[in-house]
Amino acid sequence: MGTQNTSTTDKNGAKPNIAFIGLGNMGAPMAENLLKAGYSLSVYDLSESATQRLQQAGASVADSPKDAASNAQVVISMLPAGKHVHSVYLGENGLLAELPKGTLVIDSSTIAAADATVVAEAASNLGIDFLDAPVSGGTGGAVAGSLTFIVGGSVHAFAKAEPILAVMGKNIFHAGDHGAGQVAKICNNMLLGILMAGTAEAINLGVKNGLDPKVLSDIMLQSSGRNWTLEVYNPYPQVMENVPSSNGYQGGFMSKLMQKDLNLAMQTAQDTNVETPMGAKATELYEAHTVENGDKDFSSIMGRHDSSVLS
Ligand code: NAD
């Protein structure tokens, strides 16, 4: 049996050509980092302004996903939701059927594990390596090239993808087989939604009982309630500098994206018959909150208790 080539570079060490599909808030800076690292990129997005930005950065612009991938050994996608991923790869003129065997496909969109598995199995039947590789780290991490990639798929495909992901991210985890990346990502974000809602609730209880939010936060930070939101992302305005709560809840990770991830967690829990009562409560809270605050950072859930912080 011959040994498999687990590298994306050819025998002369040349970098693979990459097709990048989906150049929004996350995809555009990720693609720009690949260009800066010397990769040759052909890009596609439905939005012309999105492709123009990448053209200016040195990418060639394609008219379709198929056109983008025509000379590529690697395809990366960063799309809004499962239906877009399904349509690009398996819909009418779906890309999978056009790709040569051995192509590496990395989908970094956050979608349901079940949807990722459907595309991965279709790819596998065609001899294509498919990875689900959702990210954590938001737009700041995408710009800085410091995303966390949480990857599901074969060890062989993961090894091929690692040097490319390392250009866009700092921490790269192999979570397991197909779909495992998506499961790990929504477990993390469900916990984050619970922690943020709980931290906002605790600070509000203290403030309503006469405590200074900064003093209370410092106490909890050195006590057993310590968690990531208190460490780096306090939801109460002016407790911390350079976080969305001290900037009118602008920037950061939008509440509607947190709600999307909580819904995906609930879908996975339902599909697999797993109880998630805390996750269900956080989903309910964010569902109500996003009606008017979907574009604000997810720490704005603080405003559920004290609407004055939102103005
Ligand atoms: P976005 O809406 O800013 O960008 C999506 C891009 O995909 C848009 O430019 C859109 O025109 C393009 N698109 C949609 N359908 C397409 C198609 N059929 N073919 C080609 N292009 C198409 O979204 P985003 O914020 O960049 O997020 C992308 C993914 O990353 C989502 O799955 C999201 O959940 C996830 N994510 C986002 C963040 C964040 O902070 N924004 C953080 C982590 C993960």
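Before reading on, note that the structure itself is shown above.
Residues numbered from 1 in each chain as written. Predicted model: local features only at pLDDT ≥ 70, side-chain atom pairs only at ≥ 80, totals over all residues. Heavy atoms only, no water.

> Please explain the site of the ligand as it appears in this structure.
The full set close to the ligand counts 24 residues, and N25, M26, D45, L79 and K260 are the nearest of them. Within the backbone of M26, an N or O atom sits 2.8 Å from an oxygen atom of the ligand. Notes on the ligand: free accessible area 830 Å², of which the protein chains cover 85%. Where the shell around the ligand is concerned, the elements lending two or more residues are α4 (82-90), α6 (138-144) and α11 (255-271). Grouping the amino acids of the shell around the ligand by side-chain chemistry returns 12 nonpolar, 9 polar and 3 charged. Shared between two domains, the shell around the ligand takes at least three residues from each, and those domains are domain 1 (17-177) and domain 2 (184-310). (Near = heavy atom within 4 Å. Polar contact = N/O pair within 3.5 Å; in protein donor to acceptor, adjacent residues only side chain to side chain. Areas by Shrake-Rupley, 256 points an atom, 1.4 Å probe, with all protein chains shown as cover. Helix = DSSP H or I, 4+ residues; strand = E, 2+ residues; numbered from the N terminus. Nonpolar A, V, L, I, M, F, W, Y, C, P; charged D, E, K, R; others polar. Domains from an automatic or database assignment.)

> What exactly am I supposed to notice about the nonpolar core here?
Generally speaking, soluble globular proteins have nonpolar side chains that are buried together. Grouped together as the largest cluster of nonpolar side chains are 34 residues, with contacts concentrated most on F20, L41 and F149. In terms of residue count, the dominant contributor to this core is helix α7 (residues 155-168) (6 residues). Excluding residues that lie within four positions of it along the chain, F20 makes contacts with G27, M30, A31, L34, L41, S42, V43, Y44, I76, M78 and M168. I194, M196, L230 and A282 belong to the second largest nonpolar core, which has 30 residues in total. (Core = buried A, V, L, I, M, F, W, Y, C linked by side-chain atoms within 4.5 Å. Buried < 20%, exposed > 50% of the residue type's maximum accessible area, 1.4 Å probe, protein only. Contact = heavy atoms within 4.5 Å.)

> Help me understand the environment of V85 in this model?
Counting through the fold element by element, V85 comes out in helix α4. Sequence separation between V85 and G303 is 218 residues; the distance between their C-alpha atoms is 34 Å. Apart from residues lying up to four places away in sequence, V85 is in contact with L79, L90, D107, S109, I111 and V119.

Worth remembering: the numbers are spatial, not functional.
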